[in-house]
Structure formats: C-alpha cells, structure tokens
Amino acid sequence: MEVSSLAIFFVSARSHGGQVITIDSLNKQYHTPRGTYHALRDVTLQVEKGDIFGIIGLSGAGKSTLIRCLNRLEEPDSGSIVIDGREITGLATHELREARKKIGMIFQHFNLLDSRTVQGNVAFPLELAGWPRKEIAQRVAEILDLVGLSDKAGSYPAQLSGGQKQRVGIARALANHPEVLLSDEATSALDPQTTRSILELLADINRKLGLTIVLITHEMSVIRQICGKVAVLDRGEIVESGPVDAVFSAPSSATMRLFLEHSTLLQGSGAGI
Amino acid sequence: MNEDLIPMLLTGFGETLYMVVLSTVAAVLLGLPLGVLVVISSTGHVMESPRLNRVLGVVINITRSFPFIIMIVLLLPLSRFLVGTTLGATAAAVPLSIAAAPFLARIIENSLKEVDRGKVEAALAMGATPLQIVRKVLIPEALSSLVLGLTLAVITITGFTATAGAIGAGGLGSLAIRYGYMRYREDVMFATVLILVVFVQGVQWSGDKLARRINRNQHRLG
C-alpha cells in the first residue's frame with residue numbers, strides 16, 4: 001500500500017521523462033461459449049511523458065483490448081493502470097468520467113457525430129466538460145487551426161475526406177487539453193499518403209504540446225515513422241519492448257522478425273505504395 | 001349536399017385533430033423514456049441492466065397485444081378518474097395515448113438502435129454520462145429516423161381515433177359511423193373519409209419533408 005502510494009507520488013510529480021502511464025500485470029479474459037480466451041496476459045508496460053509509444057501486433061493479439069483498458073472502455077480482470085498519477089483501475093464511475101476527460105482518444109472509424117458540423121464535433125468534449133460557450137468557440141477555432149481545418153469549421157463530416165475526418169477526430173481528442181492521447185488504429189482506414197500526413201500531424205502535436213501518445217497498429221510503417229518506443233504484443237503477451245531503433249536492429253521475438261521481414265520485402269520489391 | 005354538413009364536419013375534424021395532438025403528445029411523453037430505457041438498458045449499452053430490459057420488453061409486448069377497442073373498455077375507469085368522464089375527446093385521449101405509447105416506444109427503440117456503436121463509445125471515452133449520451137448523441141444522431149417514426153405514430157393514432165369514435169369519443173370517425181353508416185348518409189361518409197385521406201397524406205408529406213431536411217445536412221456531399 002505504502003509502496004504504491006509512493007509510486008503515485010512520483011508519477012504525479014511529472015518530471016520530464018517521468019512515467020506518465022504505468023501498466024502493471026494486466027489480465028483480461030473473455031468467456032465465450034467455446035471456452036475462455038485470454039486477451040491479455042500479465043501485461044506490464046511503462047510509457048514516459050512526451051513519448052510516442054507504439055504497440056504492434058497481428059490482428060487478435062489483444063492490441064485493441066489493451067488500449068481500450070487504458071480508459072476502461074474495456075474492464076480488465078486484474079492488474080493496475082496508473083495514468084498521470086491517477087490509478088484508473090481504482091476509480092468509481094463518476095471519477096472515471098472525470099479522468100476520461102483528460103485522456104483523448106482517436107478511432108479507426110473516426111466516430112464523429114454526423115448531426116454536428118466540424119465545429120460542433122470539436123466543441124462536444126468541451127460541452128461535456130462544462131466549458132462556457134465563449135471559451136468553447138475560442139478553443140475550437142484554435143484547435144481547428146492546429147489541425148489545419150479552419151476552413152472546414154461549418155462542414156458536416158459527410159462532406160469530408162477520410163483524412164479530414166481523422167483531423168477532426170484529433171482536434172476533438174485534443175480540445176480539452178488531455179495528458180495522454182490514445183490512438184486505436186487511427187490510420188488503418190486511410191490510404192498510405194493520408195496515413196503519412198496524419199502521422200506527421202501527430203508527431204507535430206507531440207513536439208508542440210509535449211503530449212504523450214500511445215498508439216496501436218498492425219503496420220510497421222507507422223511504428224517506423226513516428227514511434228520512439230515499441231512493444232510487440234503476441235497472443236495477449238508483451239514479447240518484446242524497447243526503443244524502436246534497438247528493437248528494429250536486433251529483434252528478439254519471432255513476431256517482430258516476421259513483421260520486419262514482411263516490411264523489408266515490401267520495400268525491396270518497391271511495391272507501388 | 002345538406003347545409004348542416006359543413007359545420008358538422010368542421011366540428012368533427014376539430015375533435016379528431018384535438019384527440020390526435022393530445023394523444024401524440026402524451027404518447028411521446030410516455031413512449032420516449034420507455035424507448036430510450038429499452039435501448040440503454042440492453043446488453044453492452046450505457047446503462048446495461050438485463051432485468052430492467054426484460055421487464056420493459058414484457059410490459060411493452062403485453063400492452064401492444066390488446067385490441068384497441070378492448071383497451072378502451074379496460075381503461076374506462078382510468079379515463080373517468082383522470083378526466084371525470086368516459087365520453088368525449090379528452091376522455092378518449094387516455095386510452096389512445098396508453099395504446100400508442102408502447103408502439104411509439106418500439107419505433108423509438110428501433111431508431112436509436114441504428115446509431116453507430118462507435119459514436120456512443122467515443123462519447124463514453126470523452127467522459128459523457130448516460131443522460132448526456134441520450135441527449136447529445138442518440139437522439140440528435142437518430143433525429144431524421146425519429147421524425148419518420150413519429151409520423152407513422154400520428155397516422156396510426158388518427159386511425160385509432162375512428163375506433164374511439166365508435167364508442168363516444170366524437171370526431172370524424174364518430175360522424176362516419178353515426179351518420180354515414182347508421183343513417184345511410186353517404187355524403188357524410190364520403191366527406192369524412194376524404195378529409196381523413198387528405199389529413200393522412202398531409203401528415204406523411206410533412207414528416208417526409210422534415211426528415212429529408214434533417215438528413216440533407218448530415219449527408220450532403222461536397
């Protein structure tokens with residue numbers, strides 16, 4: 001008990017380079033009629049402040065479950081998650097809602113509200129957080145400028161391209177000054193060129209705001225382009241993790257070697273991406 | 001044509017309109033919360049409660065099973081208690097709204113269920129409460145479909161008022177039965193049916209137009 005409160009104290013001190021996310025022995029099982037399925041087994045990870053942390057794995061490896069546990073869209077069975085000094089896994093429902101307001105999230109299918117304009121979508125989290133109307137308008141303009149969509153403020157999502165929709169998603173996630181941004185396969189529905197520009201935007205935001213980003217992906221190119229650290233998830237277990245350079249130059253897990261082989265193959269053949 | 005026909009029809013239409021509006025408002029007040037609760041209490045939704053969901057489902061199904069004429073008779077004591085009489089348009093609005101509410105609840109349930117799960121999830125991730133999700137996500141996102149459902153309900157209620165007219169509610173249905181059917185006044189019969197046809201067309205046309213307008217904003221391209 002004392003040890004864990006001490007840990008929380010240090011995390012909340014938020015010194016540069018300190019840990020902003022600590023995941024400790026996280027477990028999650030799904031009970032299906034065909035038997036028990038281990039989505040996560042003893043997952044332990046630390047993410048440092050200001051880092052872009054990538055989690056890569058094949059489909060079904062548990063990536064999505066893991067990132068969704070971070071804001072408890074998915075409830076872990078056991079283990080603990082501490083984000084910015086707050087033990088997420090120990091929060092009551094109303095405390096969790098408050099904590100979620102400081103954890104931005106972007107999604108593969110954007111999940112924008114079709115009945116609201118771009119402006120209205122970005123204002124949404126601020127309305128939920130109880131911002132005064134005037135400040136909302138100001139903040140929305142500011143953040144739309146940051147993602148390069150000022151001219152689309154009055155458009156509806158149906159009028160936007162996939163890349164523009166994800167920019168709205170990013171603006172919405174950043175509006176309420178989050179501590180952390182979670183990215184759930186945010187570029188998987190986009191073409192390679194749009195993917196690159198969205199990743200550039202994320203890297204840019206990371207630099208400008210010092211925002212910590214955790215992203216999951218099944219694409220090596222995403223990790224290569226923007227991540228500082230990477231963890232490899234295989235059948236619910238972290239099989240390898242570390243700085244991207246180190247992991248790429250000397251992969252120790254079979255999954256990572258498979259990923260690297262596959263991506264070099266693509267590059268070597270000069271596939272018209 | 002008889003000179004008493006026009007005022008009679010006007011009064012009848014007025015009564016029908018009054019019953020339809022009053023019953024629709026009351027049916028929405030009862031049916032909207034019911035429909036919303038059925039959706040959000042379903043498995044995996046924002047207020048998951050299998051027991052509440054089952055109970056509501058059974059209540060809705062039972063209420064919907066009653067033939068409307070039986071419903072009126074059963075609810076006579078309630079009409080007398082709430083309105084003070086069992087005759088007239090206001091008294092008829094009691095069984096009308098209670099019969100229409102579960103029907104409307106199902107229509108609302110179907111509309112709200114169509115809202116993409118991902119939108120609800122995104123709102124949850126932003127710290128929205130279940131009530132905020134209902135007010136700011138489910139209802140606005142389903143609005144065009146809700147308008148069409150409400151249009152359907154208004155037309156069904158209009159049909160119900162004719163049945164209610166058979167046992168003392170007044171309105172056009174009552175005119176058609178008392179004069180057109182019982183006294184062989186074909187002009188009355190023809191005129192009431194004509195008015196109802198025009199009315200129903202008008203309601204459907206307005207509903208469609210409104211729903212299209214809502215939809216156009218959301219799905220306009222380029």
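Just so it is clear, the model here is predicted, and its values are computed rather than measured.

What counts, and where the lines are drawn
Residues numbered from 1 in each chain as written. Chains lettered and ligands numbered in written order. Predicted model: local features only at pLDDT ≥ 70, side-chain atom pairs only at ≥ 80, totals over all residues. Heavy atoms only, no water. Helix = DSSP H or I, 4+ residues; strand = E, 2+ residues; numbered from the N terminus. Buried < 20%, exposed > 50% of the residue type's maximum accessible area, 1.4 Å probe, protein only. Contact = heavy atoms within 4.5 Å. Areas by Shrake-Rupley, 256 points an atom, 1.4 Å probe, with all protein chains shown as cover. Pairing = 2+ DSSP bridges. Axes fitted to C-alpha atoms, helices over the stretch in contact; angles between N-to-C directions. Phe/Tyr/Trp six-rings, centres within 6.5 Å; stacked < 30°, edge-to-face > 60°. Lys NZ or Arg CZ within 6 Å of the ring centre and 35° of its normal. pLDDT = per-residue confidence, 0-100. Buried area = accessible area lost by both parts, 1.4 Å probe. Salt bridge = Lys/Arg side-chain N within 4 Å of Asp/Glu carboxyl O. Polar contact = N/O pair within 3.5 Å; in protein donor to acceptor, adjacent residues only side chain to side chain. Nonpolar A, V, L, I, M, F, W, Y, C, P; charged D, E, K, R; others polar. Core = buried A, V, L, I, M, F, W, Y, C linked by side-chain atoms within 4.5 Å. Patch = residues over 30% accessible without salt bridge, like charges linked within 9 Å, V, L, I, M, F, W, Y side chains within 5 Å. Lys, Arg positive; Asp, Glu negative; His and termini not counted. Charge placed at Lys NZ, Arg CZ, Asp CG, Glu CD. Disulfide = S-S within 2.5 Å.

(A) Expanded view of the overall build of chain B. Each helix and strand in chain B was counted, giving 10 helices and zero strands. Tracing chain B from N to C terminus, the helices and strands come up as α-α-α-α-α-α-α-α-α-α. Dimensions of chain B, computed from the C-alpha atoms along their principal axes, are close to 65 × 50 × 25 Å. Expressed as a percentage of the 222 residues in chain B, the buried residues total 45%. The long-range fraction of contacts in chain B, counting pairs at least 24 apart against all pairs at least 6 apart in sequence, stands at 72%. Total accessible area computed for chain B in this model is approximately 11400 Å², and 67% of it derives from carbon and sulfur atoms.

(B) The overall build of chain A, seen in detail. Each helix and strand in chain A was counted, giving 10 helices and 10 strands. Along the three orthogonal principal directions, the C-alpha set of chain A runs to about 55 × 50 × 45 Å. The buried share among the 273 residues of chain A stands at 52%. When contacts within chain A are restricted to residue pairs at least 6 apart in sequence, those whose partners lie at least 24 apart make up 68%. Carbon and sulfur atoms provide 50% of the accessible area of chain A, an area that totals close to 12500 Å².

(C) Geometry of the sheet that holds strand β4 (residues 78-83) of chain A. Residue and element names in this part refer to chain A. Spatially, four strands are ordered β2-β1-β4-β5 in an open sheet, and the strand pairing comes out antiparallel. Strands with a single pairing partner mark the edges of an open sheet, and in this sheet they are β2 (35-48) and β5 (86-87). When strand β1 (residues 19-32) meets β2, the two strands line up antiparallel, connected through 10 bridges. Its bridge partner lying in β2, Leu-26 is registered against Val-43. Here helix α2 (residues 63-70) sits on the sheet in contact with β1, β2 and β4, set at roughly 125° to β1.

(D) Summary view of the packing of aromatic side chains. In the structure shown here, the tally under the stated rule is three aromatic pairs over all chains. Here B:Arg183 stacks its cationic end above the ring of B:Tyr179, 4.5 Å away from the centre of that ring.

(E) The arrangement of the confidence of the model for chain A in detail. Residues and elements named next belong to chain A. Confidence along chain A averages 90 in pLDDT terms, with 90% of residues attaining 70 or more. Put simply, helix α1 (residues 2-13) is where chain A has its lowest mean pLDDT, 44, and helix α4 (residues 118-128) is where it has its highest, 98. Low confidence marks residues 1-16, where pLDDT is under 50. Its contacts with residues over four positions away, or in another chain, come to 10 contacts. Long-range and interchain partners of residues 269-273, a stretch whose pLDDT sits below 50, account for two contacts in this model, where long-range means more than four residues apart.

(F) Molecular detail of the environment of B:Gln204. All names here are of chain B. Position of Gln-204 relative to the elements: it lies in helix α10 (residues 186-219). Between the C-alpha atom of Gln-204 and that of Leu-148, which follows or precedes it by 56 residues, the distance is 8.4 Å. Setting aside chain neighbours within four positions, we find Gln-204 in contact with Thr-151 and Ile-155.

(G) Layout of the interface of chain B and chain A. If you look at the interface, chain B gives 24 residues, while chain A gives 23 residues. Carbon and sulfur atoms supply 57% of the area that chain B and chain A bury against each other, a total of about 2100 Å² over both sides. Per-residue buried area on chain B facing chain A is highest for B:Ala125, B:Met126 and B:Lys136; these three make up 28% of the total on that side. For the interface between chain B and chain A, the tally reads three salt bridges. In this structure, the salt-bridge partner of A:Glu127 is B:Lys136, at a minimum N-O distance of 2.6 Å. Where chain B meets chain A, there are seven residue pairs in polar contact (both at pLDDT 80 or more). When contributions to the side of chain B that touches chain A are tallied by element, the ones reaching two or more residues are α6 (117-125), α7 (130-141) and α10 of chain B. Among the elements that take part in the side of chain B that touches chain A, α6(B) stands out by supplying seven residues, more than any other. Class assignment of the residues belonging to the side of chain B that touches chain A gives a composition of 10 nonpolar, eight polar and six charged.

(H) Structural view of the nonpolar core. Within the largest apolar cluster, 64 residues are counted, with the highest numbers of intra-cluster contacts made by A:Ile21, A:Ile23, A:Ile55, A:Leu66, A:Leu70 and B:Ile133. Take this core: its biggest share by element is six residues, from helix α5 (residues 89-113) of chain B. The residues contacting A:Leu70, other than those within four sequence positions of it, are A:Ile21, A:Ile23, A:Ile81, A:Ile83, A:Ile88, A:Ile103, A:Leu182 and A:Val214.

(I) Expanded view of a positive patch on the surface. A cluster of like positive charges, contributed by B:Lys209, B:Arg212, B:Arg213 and B:Arg216, occupies part of the molecular surface. Relative to the assigned elements, B:Arg212 resides in helix α10.

(J) Just the state of the cysteines, in detail. All names here are of chain A. By the definition in use, this model includes zero disulfides over all chains. There is no disulfide at Cys-69, and the cysteine sulfur nearest it, in Cys-227, is 20 Å away. A relative accessible area of 0% means that Cys-69 is categorised as buried.

(K) A look at the side chain of B:Ser111. All names here are of chain B. Along the chain, Ser-111 falls in helix α5. Judged by relative accessible area, Ser-111 falls into the buried class, the value being 6%. The contacts of Ser-111, once residues within four sequence positions are left out, are Ala-142, Ser-145 and Leu-146.

(L) Expanded view of the pattern of salt bridges. All names here are of chain A. Per the counting criterion, the structure on display carries 19 salt bridges over all chains. Of the charged contacts, one joins Asp-204 and Arg-207 as a salt bridge, the two residues approaching to 3.7 Å between their closest N and O atoms. With Asp-204 and Arg-207 both in helix α7 (residues 192-209) and three residues apart, this pair spans about one turn of that helix. Residue Asp-204 is classed as partly exposed on the basis of its relative accessible area, which comes to 22%. The partner of Asp-204 in a salt bridge is Lys-208, and the shortest N-O contact between them spans 3.3 Å. A residue pair is termed a helical-turn pair when its members lie 3 or 4 positions apart in one helix, as Asp-204 and Lys-208 do in helix α7 at four residues. Using a relative accessible area of 55% as the deciding quantity, one classes Lys-208 as exposed. One network of salt bridges, with partners in common, ties together Glu-48, Asp-51 and Lys-229.

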